[in-house]
Amino acid sequence: MSVNYSIPRGTYDILPETSYKWQYVLKTFQETAKLFNFKEIVTPIFEKADLFERSVGDTSDIVEKEMYKFNDKKGRKFALRPEGTAPVIRSFVENNLGFSGNLCRLFYSGPMFRYDRPQKGRYRQFYQYGIEAIGSNHPYIDAEVIAFADTFLRNLGLKNYNLEINSVGCSICTQDYDLALKEYFSPHFDELCPDCKKRMGKNPKRLLDCKVKSCQSIAKNAPSMIAYLDEDCRTHFEQVKFYLDKMGIVYKVNDRIVRGLDYYTNTAFEFLNNNLGAQNALLGGGRYNGLVKQIGGKETPGVGFAGGIERLLLSLEQEELFCGKNSIPEIFFITLGKNAQIKGVELIAKLRNMGISIVTEIEKESMKSQMKAANKSNALFAIIIGEEELSNNELVLKDLQVGNQKMIAFKDIGEIKEIIDKAK
RNA sequence: GUGGUUGUAGUUCAAUCGGUAGAGCACUGGAUUGUGGUUCCAGGCGUUGGGGGUUCAAGUCCCCUCAUCCACCCCA
């Protein structure tokens, strides 16, 4: 119980009995990516700190108080990545991935790091999966990215989720809207919570998102972003909805969705699961038309999403969906006596070379303890050899589910593969 | 960063007013010595998360600390 070195706060080990669930989720994600023709990109776990400071926004909470920052031996400032989009865009720019002229479709997954207070569905090291479609401002692409997310969740078997969308406009509409919000909220300034008072100056849109009741009741009648969209942004939003309708994807417009990262423009969306507790956002994303240029590339539009695997697993558990299976051996090899054990070593190697998954417990000696171990391993068959079998040059193959067994000559072990395949 | 909650065996949990730390499950071995899952029997000295204090005596009371879980906040 007492351990000298314990795991850091807000992190966790993925233990052998649950790792297969992760594999199942990631495999489903990769299959969905194939369906939409997105290709994998892998970027480092740390980047220069200012990549995030500039793109995610230096007033955002993520940058302001949640980044794991450190200096290397030469004093360079780095940060453990708190999110996946900025690094992908950095790589896109650095490797000129837009060279073909086609839309660049990328997917990624891996650990992200944020110094948050741990909570249900929230960790300091957490695993995100996400996609980015870079190089088009066509509203169909927004809809396709949303369709990707929807397909993925459906492929996992999930049902208890819903989609909310909004448009936060471009930088020009945002300016107008921010002014309108300030105008609306300033008569109520004294009634706002301390956080919202700060938000007024920096990012008035965040006032809409406040969970404090008194703020909510003030915000209830605040002007809607959608009313302040300019011509282009409004049609863009209408078109996204049009394509979603065509695809048969159900959504709700929620003009209160505000993304916490500064780079978002136009379309913003969230897939929510309201049975998850406070951390109910399963997956979130949107468009980021200014980001590529900001990071140093040519002006290039983009859209994408990211989600957390932990919350997916919570949802899967809640809906009691089977997430694949842990691997089980095909054969458990039992030996009785020294000579049999030596012969066993030889046979096990041969059987593995035939592609049979096989396991033995070399420390256990009695028939009983080995049979118990075989049972616990969930193996399909047991092979048993002892002195008697050795002298007859044969082995016992026992079906552990049915319980019957047959003799097989050593020279005929090729048959075993067929018997196993038939049994499956 | 702020609240609250919990921390006892591998695990889930007991332990009355402060008075010898205990059970289920799991695990290991055994039941005429070469056949599993059921049954029966046997096997527990654990820094009671860690440190300090009060007391004749602390798992229990007090302080500090670490961690868990939940919520705020934030977001995926």
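Per chain, the residues get numbers from 1 upward, laid out in the order the sequence is written. Both sets of labels track the order of writing: A upward for chains, 1 upward for ligands. Note on the predicted model: pLDDT of at least 70 is required for a residue's local features to be given, and 80 or more for side-chain atom pairs to be given and counted; whole-chain, interface and lining totals, by contrast, use all residues. As a convention, hydrogens and water are excluded, and side-chain values are obtained from all of the structure's heavy atoms.

A. Representation of the overall build of chain A. Counting its secondary structure elements, chain A contains 15 helices and 16 strands. Restricting the calculation to C-alpha atoms gives the radius of gyration, and the globule rule supplies 2.2 Å times the number of residues raised to the power 0.38. Expected size for 424 residues packed as a compact globule is a radius of gyration near 22 Å; at 28 Å, chain A overshoots this value by more than 25%. Viewed in the frame of its principal axes, chain A has a C-alpha envelope of about 95 × 50 × 45 Å. Relative accessible area decides the class of each residue, using a 1.4 Å probe on protein chains only: under 20% of the type maximum gives buried, over 50% gives exposed, and in between gives partly exposed. Among the 424 residues that make up chain A, the fraction classed as buried is 49%. Pairs at least 24 apart in sequence give 69% of the contacts found in chain A among residues at least 6 apart. Note on areas: Shrake-Rupley, 1.4 Å probe, and residue coverage restricted to the protein chains presented here. Accessible area for chain A stands at about 22,400 Å²; split by element, carbon and sulfur atoms hold 50% of it. Positive residues here are Lys and Arg, negative ones are Asp and Glu, while His and the chain termini are left out of the count. A charge is said to be at NZ when it belongs to Lys, at CZ for Arg, at CG for Asp and at CD for Glu. The centroid of the 58 positive side-chain charges in chain A is displaced by 2 Å from the centroid of its 54 negative side-chain charges. The helix count covers DSSP runs of H or I at least four residues long, the strand count covers runs of E at least two residues long, and both are numbered beginning at the N terminus. Note on contacts: a residue pair qualifies if any of its non-hydrogen atoms lie within 4.5 Å across the two residues.

B. Representation of the confidence of the model for chain A within the structure. Averaged over chain A, the pLDDT score is 91; the fraction of residues at 70 or greater is 98%. Per-element averaging of pLDDT across chain A places helix H7 (residues 194–202) at the bottom with 74 and strand S1 (residues 39–40) at the top with 98. As a per-residue measure, pLDDT reflects the predictor's confidence and takes values from 0 up to 100.

C. Molecular detail of helix H12 (residues 338–353). For H12, built from 16 residues, the straight-helix expectation of 22 Å at 1.5 Å per residue is met to within 8% by its first-to-last C-alpha distance of 23 Å. Within the sequence span of H12, burial applies to Ala 340, Gly 344, Leu 347, Ile 348 and Leu 351. Where H12 is buried, its residues contact strand S12 (331–335), strand S13 (358–360), strand S14 (381–385), helix H14 (387–392), strand S15 (394–399) and helix H15 (414–423). Of the residues flanking the end of H12, it is Gly 355, one or two places downstream, whose phi is positive at about 90°. Multiplying 1.5 Å by the residue count of a helix minus one yields the expected span of that helix.

D. Region of the structure containing the pattern of salt bridges. Salt bridge criterion: a side-chain nitrogen from Lys or Arg within 4 Å of a carboxyl oxygen from Asp or Glu. Applying the stated criterion across every chain, the model contains 17 salt bridges. A salt bridge links Asp 61 to Lys 65; the nearest nitrogen and oxygen atoms lie 3.6 Å apart. Here Asp 61 and its partner Lys 65 are both found in helix H3 (residues 61–65), 4 residues apart, which amounts to about one turn of the helix. Residue Glu 144 is joined to Arg 105 by a salt bridge in which the shortest nitrogen-to-oxygen separation is 2.9 Å. Of the two residues, Glu 144 is situated in helix H5 (residues 139–156) and Arg 105 in strand S5 (residues 104–113); the sequence distance between them amounts to 39 residues. Taking relative accessible area as the criterion, Arg 105 reaches 25% and is therefore assigned partly exposed.

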